[in-house]
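Next come the chains, spelled out residue by residue.
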Amino acid sequence: MRSGCRLLPLPLLLLALLRGLCHGREPAPGAVTCGSVLKLLNTRHSVRLHSHEVKYGSGSGQQSVTGVEASDDANSYWRIRGKSDGSCQRGTPVKCGQAIRLTHVNTGKNLHTHHFPSPLSNNQEVSAFGDDGEGDDLDIWIVQCSGTYWEREDAVRFKHVGTEVFLSITGEQYGHPIRGQREVHGMPTANHHNYWKAMEGVFIKPSMDPAKHDEL
């Protein structure tokens, strides 16, 4: 019998296991884990979170973050990291309510937002910031989901710690030089524009003994 479960008659024990009531149970194999590299789909607008070496022509002038329809664009991969070194060990399932950073794989910049207006909708600008995965405190986001862990099949929200906005898309499209890409911005309210789902990627296997893995 697994540690953490109360001694129960067999029918009750089976029922408890089915309902996930036993403490210390292993995370589901579908949990998103620290160190995983993935694409994130906005479920309302069916576009993937994207960045590239194109800077905003207004606002902060930092590297732009957009949404793209293509599923095979290599510039849509993001790495899941902790809010600080050592706080998110490889293979550890990400918990609902956990603070994370999302680092753009191809440019090494972190998903970031701050008090600049976004260029199309006048919401809050979302950019990619930092060098080699190191930026500042405005790179930190809280994963909002309904269970214990962030599951791959679940739609989740990302709430910014510093400014309390939600990572969102409402459909505005850019022209040249990134024609057709959607604006990504921060919104102050939770709604159907700020749900995201894990899609394509490389998912590090969950581990119940994270000390055996390297820290990010």
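Keep in mind the model is a prediction, meaning the values are calculated, not measured.

Draft legend 1. Representation of the overall build of the chain within the structure. Counting its regular elements, the chain contains one helix and 13 strands. Burial analysis of the chain (216 residues in total) assigns 46% to the buried set. Excluding contacts between residues fewer than 6 apart, the proportion of contacts in the chain whose partners are at least 24 apart in sequence is 64%. Approximately 10,700 Å² of the chain is accessible, and the part contributed by carbon and sulfur atoms is 50%.

Draft legend 2. Here's a closer look at the nonpolar core. Judged by nonpolar contacts, the single largest core of 29 residues is most densely connected at Leu49, Val65, Leu111, Trp150, Phe158 and Leu167. Breaking this core down by element, the ones donating at least two residues are strand 1 (37-42), strand 2 (47-55), strand 4 (78-82), strand 5 (99-104), strand 7 (124-129), strand 8 (141-144), strand 9 (155-160) and strand 13 (196-202). Apart from residues lying up to four places away in sequence, Leu49 is in contact with Leu40, Val65, Thr66, Ser76, Trp78, Leu111, Leu167, Val184 and Trp196.

Draft legend 3. Spatial organisation of the packing of aromatic side chains. Under the defined criterion, the tally for this structure stands at one aromatic pair. Relative to Phe158, the ring of Trp150 lies with its centre 5.4 Å away and its plane at 75°, an arrangement referred to as edge-to-face. Relative accessible area serves as the criterion here: at 0%, Trp150 is assigned to the buried category. Taking relative accessible area as the criterion, Phe158 reaches 0% and is therefore assigned buried. The side chain of Lys39 reaches across the aromatic face of Tyr77, ending 4.6 Å from its centre. Seen from the ring of Tyr195, Arg157 lies directly overhead, with NZ or CZ sitting 4.0 Å from the centre.

Draft legend 4. Local environment of the state of the cysteines. One pass over the structure, following the stated rule, counts two disulfides. With its disulfide-bonded cysteines labelled consecutively along the sequence, the chain is connected as 1-2, 3-4.

Draft legend 5. Geometry of the pattern of salt bridges. Under the defined criterion, the tally for this structure stands at five salt bridges. A salt bridge links Arg182 to Glu69, with the nearest nitrogen and oxygen atoms 3.0 Å apart. Of this pair, Arg182 sits in strand 11 (residues 182-183) while Glu69 sits in the loop between strand 3 (63-68) and strand 4, and the two are 113 residues apart along the sequence. Residue class for Glu69 comes out exposed when judged on its relative accessible area of 54%. The partner of Lys109 in a salt bridge is Asp131, with the nearest N and O atoms 3.5 Å apart. With Lys109 in the loop between strand 5 and strand 6 (110-117) and Asp131 in the loop between strand 7 and strand 8, this residue pair connects regions lying 22 residues apart in the sequence. The exposure class assigned to Asp131 is exposed, which follows from its relative accessible area of 55%. Several salt bridges share partner residues, and in doing so they unite Arg81, Arg101 and Glu134 into one network.

Draft legend 6. Layout of unusual backbone geometry. Here the residue pair His176 and Pro177 is connected by a cis peptide bond, since its omega of 10° sits within 30 degrees of zero. Within the fold, Pro177 resides in the loop between strand 10 (166-168) and strand 11. Its identity is not glycine, yet Ser46 carries a phi of approximately 55°, on the positive side. Within the secondary structure, Ser46 is located in the loop between strand 1 and strand 2.

Draft legend 7. Main features of the environment of Gly82. Examined against the element boundaries, Gly82 turns out to sit in strand 4. Judged by relative accessible area, which is 2%, Gly82 ranks as buried. With sequence-adjacent residues up to four places away left out, Gly82 is seen in contact with Ser87, Cys88, Ala99, Ile100 and Arg101.

Draft legend 8. The arrangement of the pairing of strand 1 in detail. For strand 1, the buried fraction is high: six of the six residues fall into the buried class. Residues Val37, Lys39 and Leu41 point to one face of strand 1 and Leu38, Leu40 and Asn42 to the other, with burial holding for every one of them. Relative to strand 4, strand 1 is paired through two bridges, and the arrangement is antiparallel. Of the residues in strand 4, the one forming a bridge with Leu38 is Trp78. Note: strand 1 against strand 13, five bridges, orientation antiparallel. Paired with Leu40 across the two strands is Ala198, which belongs to strand 13. Linking two consecutive strands that pair antiparallel, namely strand 1 and strand 2, is a turn of four residues; a positive phi of about 55° is found at Ser46 within it.

Parameters at a glance
Residues numbered from 1 in each chain as written. Predicted model: local features only at pLDDT ≥ 70, side-chain atom pairs only at ≥ 80, totals over all residues. Heavy atoms only, no water. Helix = DSSP H or I, 4+ residues; strand = E, 2+ residues; numbered from the N terminus. Buried < 20%, exposed > 50% of the residue type's maximum accessible area, 1.4 Å probe, protein only. Contact = heavy atoms within 4.5 Å. Areas by Shrake-Rupley, 256 points an atom, 1.4 Å probe, with all protein chains shown as cover. Core = buried A, V, L, I, M, F, W, Y, C linked by side-chain atoms within 4.5 Å. Phe/Tyr/Trp six-rings, centres within 6.5 Å; stacked < 30°, edge-to-face > 60°. Lys NZ or Arg CZ within 6 Å of the ring centre and 35° of its normal. Disulfide = S-S within 2.5 Å. Salt bridge = Lys/Arg side-chain N within 4 Å of Asp/Glu carboxyl O. Pairing = 2+ DSSP bridges.

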